[in-house]
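# Residue-level structural notes
One letter stands for each residue in the lines below.
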Amino acid sequence: MSPLGLVLLALGWSAAVWAGASLICRKQPPPKVAQAIWRGTALALAAPFAASLVVPGFSADIAAPLAELPLLEPVMAAPQQGTGAAAPAAGLRMPDIGTLILAVIAAGWAVRFLLWGISQVRLQRLKARAMHTRRPIGHWAEAVGLARTPHVQVIPRGAPFLAGILKRSVYVPAALINGAGASEVIVHELVHLKRGDLIARPLERIVADIFWFSPFAWWIRGQLDFWREAVVDEDTVELTGDRIAYARTLTSAARVSRDEAVLPVAAFILRKKGTLKMRLNELLTEKPRPRRLGLVMALALACAAPLAIAQGMLIKGAAAAPGAAITYSHAVLDKARLTSAFGPRKHPITGEMKTHNGVDLADAAGVAVYAPSAGVITSATKKGAYGNLVEMQAGGDTVLRFAQLKSMKVKAGETVKPGDVIGTLGESGQATGPHLHLEVLRGGVAVDPQAEEGLVLADDLKLPAANP
């Protein structure tokens, strides 16, 4: 599948899974169930691409019968007089749309990584300015169920957060550390630690980093952030025992906390506007138990799983689907000598002018012949004067034919990627020496392989020496 096709598929699939999760959450599930729904949605977002690594690809059944195959004219396998001329270097070309899309996506990933690095630097600077406090929290750590009690650090400003891998600490702004709600803030962060959110949060948020070009991935990420805090709010209230007091703590923390920089940690107060009101609503509103929610989720999973698998098969096997763009990224041979070019030539026996529908590339028998692009093998059989012939649907209406092969390493219906070995060079048909006969057909019409944009016949290609 072309890069543009992959981007469109990712956009469409992310929109579908986001819409499905949003509809399910309209039944107002409990926070832990809602968090599970959005975590499943994040996994579903990457499911087609993960499935493409293990499922078989859709086989492209394209009606491209072999045309009447004329006898191949003999080629000179022995070296000709002279050393031969190297193939001229290709001129500068504008990159195709697929290459541009890949470059933009890679640039987006680079920007996301750079921003993550900057946020890490900011975090380390803030931690360096923190001051240790001896506030006793051992009883709360025991109540939460932690084996080790983290330290409490005071920061000048910002929102409370939890950080540290080997040395874990709860960071509380100076404006909150001595307030009435300091205990609720600290318990909240201890619950995060108990639930493993130090590890889970970065994994959940990576969805939007990978699919940064999809707004639906960012909305999924926002829901994951919200429901993570809502779940911890619920657990914190169960431990502290006072919803009203905890709601006041949330409100006062939002009033005094100012996130002056984006940090790669979960803050007590989310930056997005409107989330505080939603969290208070979850805390203070009695909601009826949703009915048939399990059945709805089971039906959603039953629909999403086969769709994800089908898209994975499409990603893997659609390289040669009609209309797909073709991108050459590997040479057909490592080295070769061009012994016969495309076009009219004098028949060596009859003396008649005949059209040669491909090019002949000579080299030692048994050397590898590579697929120059992704594609689907539509035929791999012995065919008269062509000898062992592999035919590959390479994209759109472009067909590649590899003839005179000594052996064939692929079968009809297989999907290949650039650089896969499809056979070895030989002289299995009518020929006077080992060579590869290569044809490129577009819409059933033979075109000159040497003029095919992006196609490299050999990394080291020698042309016939010019006549004096």
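## A closer look at the overall build of the chain
- Scanning the chain from N- to C-terminus turns up 11 helices and 18 strands.
- Within the chain, buried positions represent 43% of all 468 residues.
- Sequence-distant contacts, at least 24 apart, represent 70% of the contacts inside the chain between residues at least 6 apart.
- Just so you have it, the chain exposes about 24000 Å², and 61% of that area is on carbon and sulfur atoms.

## Some points on the nonpolar core
- One finds Val172, Leu190, Leu250 and Phe268 to be the most contacted residues of the largest nonpolar core, which totals 30 residues.
- Elements with a minimum of two residues in this core: α4 (138–144), β3 (151–155), β5 (169–173), α5 (174–177), α6 (182–195), α8 (215–240), α9 (243–256) and α10 (275–284).
- With 6 residues, the single largest contributor to this core is α6.
- Aside from chain neighbours lying at most four places away, what touches Leu250 is Asp233, Phe268, Ile269, Leu276, Arg279, Leu280 and Leu283.

## What about helix α2 (residues 31–51)?
- Along its 21 residues, α2 runs 29 Å from first to last C-alpha, staying within 8% of the 30 Å computed at 1.5 Å per residue.
- Of all the bends in α2, the largest measures some 35 degrees and sits at Leu45, one to four residues before the proline Pro48.
- Regarding α2, the residues found buried are Pro31, Ala34, Gln35, Ile37, Trp38, Thr41, Ala42, Ala44, Leu45, Pro48 and Ala51.

## Here's the deal with the packing of aromatic side chains
- Within the structure shown, the criterion is met by 10 aromatic pairs.
- Summarising the aromatic geometry, the rings of Phe49 and Phe211 are spaced 5.7 Å apart at their centres and angled 45 degrees between planes, so their arrangement reads as tilted. Taken together, the positions of Phe49 in helix α2 and Phe211 in the loop between α7 (197–210) and α8 put the pair 162 residues apart, joining distant regions of the chain.
- Look at Phe49 and you get partly exposed, because its relative accessible area is 24%.
- Accessibility expressed as a relative area gives 10% for Phe211, which makes it buried.

## A word on the environment of Leu283
- Along the polypeptide, Leu283 turns up in helix α10.
- In sequence terms Leu283 and Glu234 are 49 residues apart; their C-alpha atoms lie 7.0 Å from each other.
- If we skip the residues at most four places from it in the chain, Leu283 touches Asp233, Val237, Arg243, Tyr246 and Leu250.

## Focus: the confidence of the model for the chain
- Looking at the chain, the pLDDT average stands at 84 and 86% of residues meet or exceed 70.
- In this model, residues 67–83 is a region of pLDDT below 50 whose contacts with residues beyond four sequence positions or in other chains number 38 contacts.
- Counting contacts from residues 319–323, a segment whose pLDDT is below 50, to residues more than four positions away or on other chains yields 17 contacts.

## Section: the pattern of salt bridges
- As enumerated under the stated definition, the model contains 17 salt bridges in all.
- One salt bridge connects Arg39 with Asp197, and the closest N-O pair in it is separated by 4.0 Å. Remark: Asp197 occurs in helix α7 and Arg39 occurs in helix α2; sequence separation between them is 158 residues.
- For Asp197, a relative accessible area of 5% translates into the label buried.
- Between Asp363 and Lys335 there is a salt bridge, with the nearest N and O atoms lying 3.2 Å from each other.

## Some thoughts on the environment of Thr339
- Its location among the elements puts Thr339 in strand β6 (residues 333–340).
- A sequence separation of 96 residues divides Thr339 from His435, and the C-alpha atoms of the two residues are 8.8 Å apart.

## Observations concerning the packing of helix α1 (residues 3–25) against α2
- Between α1 and α2, the least distance of the axes is 10 Å, while the angle of their chain directions is 160 degrees. Between α1 and α2, the angle falls in the class roughly antiparallel. Judged by the sense of rotation from one axis to the other, the crossing of α1 with α2 is right-handed. Here α1 contributes Leu6, Leu9, Ala10, Trp13, Ser14, Val17, Trp18, Ala21, Ser22, Ile24 and Cys25 to the contact with α2, which in turn contributes Ala34, Ile37, Trp38, Thr41, Ala44, Leu45, Pro48 and Phe49.
- Tallied by class, the residues present in the contact of α1 with α2 amount to 16 nonpolar, 3 polar and no charged.

## Describing the side chain of Arg279
- Counting through the fold element by element, Arg279 comes out in helix α10.
- If near-sequence neighbours (up to four positions away) are discounted, Arg279 is found in contact with His188, Phe226, Glu229, Asp233, Tyr246, Leu250, Phe268, Ile269 and Leu270.

## Looking at the pairing of β3
- Judged by how many residues are buried, β3 sits mostly within the fold: 4 of 5 residues are covered.
- With 3 bridges connecting them, strand β2 (residues 131–133) and β3 associate as antiparallel partners. Directly across from His132, in β3, lies its bridge partner Gln153.
- In this structure, β3 lies alongside β5, joined through 5 bridges in parallel fashion. When the bridges of β5 are listed, Gln153 appears paired with Tyr171.

## Some thoughts on the sheet that holds β3
- Read across the open sheet, the 4 strands follow the order β2-β3-β5-β4; overall the sheet is mixed. Either end of the sheet is taken by a strand with one partner, and the two such strands are β2 and β4 (161–163). Between one strand axis and the next, the sheet turns through 35 degrees on average, direction left out of account.

## Remarks on the pairing of strand β15 (residues 421–425)
- With 4 of 5 residues buried, β15 is to be regarded as a mostly interior element.
- Taken together, the 3 bridges between strand β10 (residues 368–370) and β15 define a ladder with antiparallel strand orientation. In the strand pairing of β15, Ala368 is matched with Thr424.

About the cut-offs
Residues numbered from 1 in each chain as written. Predicted model: local features only at pLDDT ≥ 70, side-chain atom pairs only at ≥ 80, totals over all residues. Heavy atoms only, no water. Helix = DSSP H or I, 4+ residues; strand = E, 2+ residues; numbered from the N terminus. Buried < 20%, exposed > 50% of the residue type's maximum accessible area, 1.4 Å probe, protein only. Contact = heavy atoms within 4.5 Å. Areas by Shrake-Rupley, 256 points an atom, 1.4 Å probe, with all protein chains shown as cover. Core = buried A, V, L, I, M, F, W, Y, C linked by side-chain atoms within 4.5 Å. Expected span 1.5 Å × (residues − 1). Bend = angle between axes of the 7 residues up to and from the residue. Phe/Tyr/Trp six-rings, centres within 6.5 Å; stacked < 30°, edge-to-face > 60°. pLDDT = per-residue confidence, 0-100. Salt bridge = Lys/Arg side-chain N within 4 Å of Asp/Glu carboxyl O. Axes fitted to C-alpha atoms, helices over the stretch in contact; angles between N-to-C directions. Parallel < 35°, antiparallel > 145°, perpendicular 65-115°, else oblique. Left-handed = near helix turned anticlockwise from the far one by under 90°. Nonpolar A, V, L, I, M, F, W, Y, C, P; charged D, E, K, R; others polar. Pairing = 2+ DSSP bridges.

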